[in-house]
Amino acid sequence: MTTDHDEPVDSKLTRSKRRWAEEGKFLTGRIARPEAERLPPGQHLVKNWPVLDLGQQPEIRLENWRLDIRGLIDSPVTLSWKSFLALDQSESRSDIHCVTTWSRYDNDWRGVFVRDLLDAAPPTPEATHVMLTSYDGYTTNLPLADFASEDAILATHWQGEPITTEHGGPMRLVVPHLYFWKSAKWLNRIEFIDADKAGFWERNGYHMRGDPWREERYSDD
């Protein structure tokens, strides 16, 4: 227990976050936006959560679930469901925006912040991007700065309940400041890479980054 005058316990986590703050690492701009700027251009609000996928929804038994972390990392890491839940668990609230023009406000998530995962499995300095692969074979790319943004979370719960299979359960990525195709469902592999590389939708005409406020929907936007 600490008092108001106690210093926080020093740890690898706190040292890493102090270093990131000093370097300005992973900063991508504002997380909170004024209400007038909350809805990106071309979007409309919905109250439900529409389901979009590639036509299959893998059923993943928790005892068989794995998250592989590979690429530009000192030692490859494989997390079981038990070891994933042993990481720091956090909660957040964010809006989400789909490239198909719907947005949904005030989504409550629980899971592991990406930055906490990166502290447990840090990439090497050469890493600039990640390639994400899902259990259904889906892939998508992200700059490391976007992947490690303050509000990015590896979510297991939505609105207080476990995320359903149709929405990417038992665990999916949520990167709220980008279009939602970047938030890979059923995530099972994170690969750190040293250059940008197109994923599934990016090879099929979608933008390489996908900022909703810049309407980066397609490759020529």
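This one's a predicted model, so the numbers in the text were calculated from it and none came from an experiment. (Residues numbered from 1 in each chain as written. Predicted model: local features only at pLDDT ≥ 70, side-chain atom pairs only at ≥ 80, totals over all residues. Heavy atoms only, no water.)

A. Examining the overall build of the protein more closely. Counting secondary structure elements, the protein contains five helices and 11 strands. A burial count over the protein gives 47% of its 221 residues as buried. The contacts in the protein between residues at least 6 apart in sequence include a share of 69% that link residues at least 24 apart. Element-wise, carbon and sulfur atoms account for 50% of the exposed surface of the protein, whose accessible area totals about 11400 Å². (Helix = DSSP H or I, 4+ residues; strand = E, 2+ residues; numbered from the N terminus. Buried < 20%, exposed > 50% of the residue type's maximum accessible area, 1.4 Å probe, protein only. Contact = heavy atoms within 4.5 Å. Areas by Shrake-Rupley, 256 points an atom, 1.4 Å probe, with all protein chains shown as cover.)

B. Local environment of the pairing of strand 5 (residues 102-113). Burial within strand 5 is extensive, with nine of its 12 residues counted as buried. With seven bridges joining them, strand 4 (residues 90-97) and strand 5 adopt antiparallel strand pairing. If you follow Ser90 over to strand 5, its bridge partner there is Gly111. Once strand 4 ends, the chain turns through four residues before running back antiparallel as strand 5, passing Thr101 with a positive phi of about 90°. (Pairing = 2+ DSSP bridges.)

C. Spotlight on the nonpolar core. The biggest cluster of nonpolar side chains holds 37 residues, and the ones touching the most others in it are Phe84, Leu132, Phe147, Leu173, Leu187, Ile190 and Phe192. Among the secondary structure elements, those contributing two or more residues to this core are strand 2 (66-71), helix 2 (81-85), helix 3 (114-120), strand 6 (129-134), helix 4 (144-147) and strand 11 (187-193). With residues near it in sequence (within four places) discarded, Phe192 still touches Ile69, Arg70, Gly71, Leu72, Ile73, Leu118, Ala121, Pro123, Ala127, His129, Val130 and Leu144. One finds Trp49, Ile96, Ile163 and Val174 within the second-largest nonpolar core, a separate group that totals 12 residues. (Core = buried A, V, L, I, M, F, W, Y, C linked by side-chain atoms within 4.5 Å.)

D. The arrangement of the pattern of salt bridges in detail. The full count for this structure, using the stated rule, is 11 salt bridges. Among the ionic pairs, Glu63 bridges to Arg61, the shortest N-O distance being 2.6 Å. Judged by relative accessible area, Glu63 falls into the partly exposed class, the value being 48%. On the basis of relative accessible area, Arg61 is assigned to the exposed category, the value being 53%. Across the salt bridge formed by Lys182 and Glu202, the nearest N and O atoms sit 2.7 Å from each other. In this pair, Lys182 sits in the loop between strand 10 (172-174) and strand 11 while Glu202 sits in helix 5 (residues 200-203), placing the two residues 20 residues apart along the sequence. (Salt bridge = Lys/Arg side-chain N within 4 Å of Asp/Glu carboxyl O.)

E. The sheet that holds strand 2, seen in detail. One open sheet accounts for five strands, arranged 3-2-11-6-7; its pairing is mixed. In this open sheet, the two strands that pair with only one neighbour each are strand 3 (77-80) and strand 7 (139-143). Along the sheet, successive strands turn relative to each other by an average axial angle of 15°, direction set aside. (Axes fitted to C-alpha atoms, helices over the stretch in contact; angles between N-to-C directions.)

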